[in-house]
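# Reading the structure
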Amino acid sequence: DQSAQQYIKARDACADGGRDRTADVAATIDACGKVIETAGAAQADVVEALKIRAKISLANGRYDAAIGDYTQIMKLGVRDASLFKFRADAYRRKPKCDLAVEDYDQVIRPNHKAADGMYSRGDAFVSLKDYASVALEYTRATASDPARAELAYKRGKAIGETGDKDRAHDATTDEIGL
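Residues numbered from 1 in each chain as written. Predicted model: local features only at pLDDT ≥ 70, side-chain atom pairs only at ≥ 80, totals over all residues. Heavy atoms only, no water.

With that out of the way, let us pick up the nonpolar core. In globular proteins that are soluble, nonpolar side chains generally tend to be buried together. With 44 residues, the main nonpolar core has C14, A49, Y70, I73, A100 and A124 as its most contacted residues. Look past the residues within four positions of Y70 in its chain and what remains in contact with it is A54, K55, L58, L83, F86 and R87. (Core = buried A, V, L, I, M, F, W, Y, C linked by side-chain atoms within 4.5 Å. Buried < 20%, exposed > 50% of the residue type's maximum accessible area, 1.4 Å probe, protein only. Contact = heavy atoms within 4.5 Å.)

Right under this line is the structure:
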């Protein structure tokens, strides 16, 4: 049947475009859209097409589209921490940092030692100019991953933004061993 062949062709083009960084972005998004819009498409195919389209949208600055696709995946019952992380990244770049913080909470909740989630959540608090929360998140991230010197630097800088310059200097130099 011709419609089944078109569906398979669109599904394969979407998957290939998701794997190939040199693929034509518009063609990949179009192919993924065809899979998503096909009546009777397998849910696994729809979820995969949404993930690919969202990833491409996020990478190309189409934040509203990425947020919409990640939200749609979640509405289909897929609840993966990486989906919340990527949607939070899109919210942070909008900037809708209050919504980003909520999604980063979902990243951190199942793994309280998720340094990347804490780090990203701290970055979202920077955009909200909530430096006490920034310092707390970077402190948690530093405790979880002490080898990352940039966390200590950012933590010290955030503490400095709260007005405590001596503590900021001490925090930064202590953490990086100066």
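A separate point is the confidence of the model for the protein chain. Residues at a pLDDT of 70 or more form 89% of the protein chain, whose mean pLDDT is 84. Here helix α10 (residues 165-176) is the element of the protein chain with the lowest mean pLDDT, 59, and helix α4 (residues 63-75) is the one with the highest, 96. (pLDDT = per-residue confidence, 0-100. Helix = DSSP H or I, 4+ residues; strand = E, 2+ residues; numbered from the N terminus.)

Of note, Y7 is situated in helix α1 (residues 2-19). It is 7.5 Å that separates the C-alpha atoms of Y7 and T38, two residues lying 31 residues apart in sequence. In contact with Y7, not counting residues within four places along its chain, are V35, T38, A41, A42 and D45. A polar atom in the side chain of Y7 sits 2.5 Å from the side chain of D45. (Polar contact = N/O pair within 3.5 Å; in protein donor to acceptor, adjacent residues only side chain to side chain.)

A separate point is the state of the cysteines. The final tally for this structure, using the stated rule, is one disulfide. A sulfur-sulfur separation of 2.0 Å characterises the disulfide bridge that pairs C14 with C32. Disulfide C14-C32: the torsion about the S-S bond is 90 degrees, which places it as right-handed. With C14 in helix α1 and C32 in helix α2 (residues 25-37), this pair connects stretches of sequence that are 18 residues apart. (Disulfide = S-S within 2.5 Å.)

Within this structure, the stated rule accounts for nine salt bridges. Across the salt bridge formed by R11 and D12, the nearest N and O atoms sit 3.5 Å from each other. Under the relative-accessibility criterion, R11 is labelled partly exposed at 31%. The partner of D16 in a salt bridge is R19, and the shortest N-O contact between them spans 2.6 Å. (Salt bridge = Lys/Arg side-chain N within 4 Å of Asp/Glu carboxyl O.)

This paragraph deals with α4. Given a rise of 1.5 Å per residue, 13 residues ought to cover 18 Å, and the 18 Å separating the end C-alpha atoms of α4 matches this to within 8%. Within α4, the full set of buried residues consists of A66, I67, D69, Y70, I73 and M74. Buried residues of α4, viewed axially, fall in a sector of 165 degrees; they line one side. Residues of α4 that are exposed and point more than 90 degrees away from the buried face comprise D64 and K75. Elements in contact with the buried residues of α4: α3 (43-59) and α5 (81-93). G77 sits one or two positions beyond α4 and adopts a positive phi of about 100 degrees. (Expected span 1.5 Å × (residues − 1). Arc of directions from axis to C-beta.)

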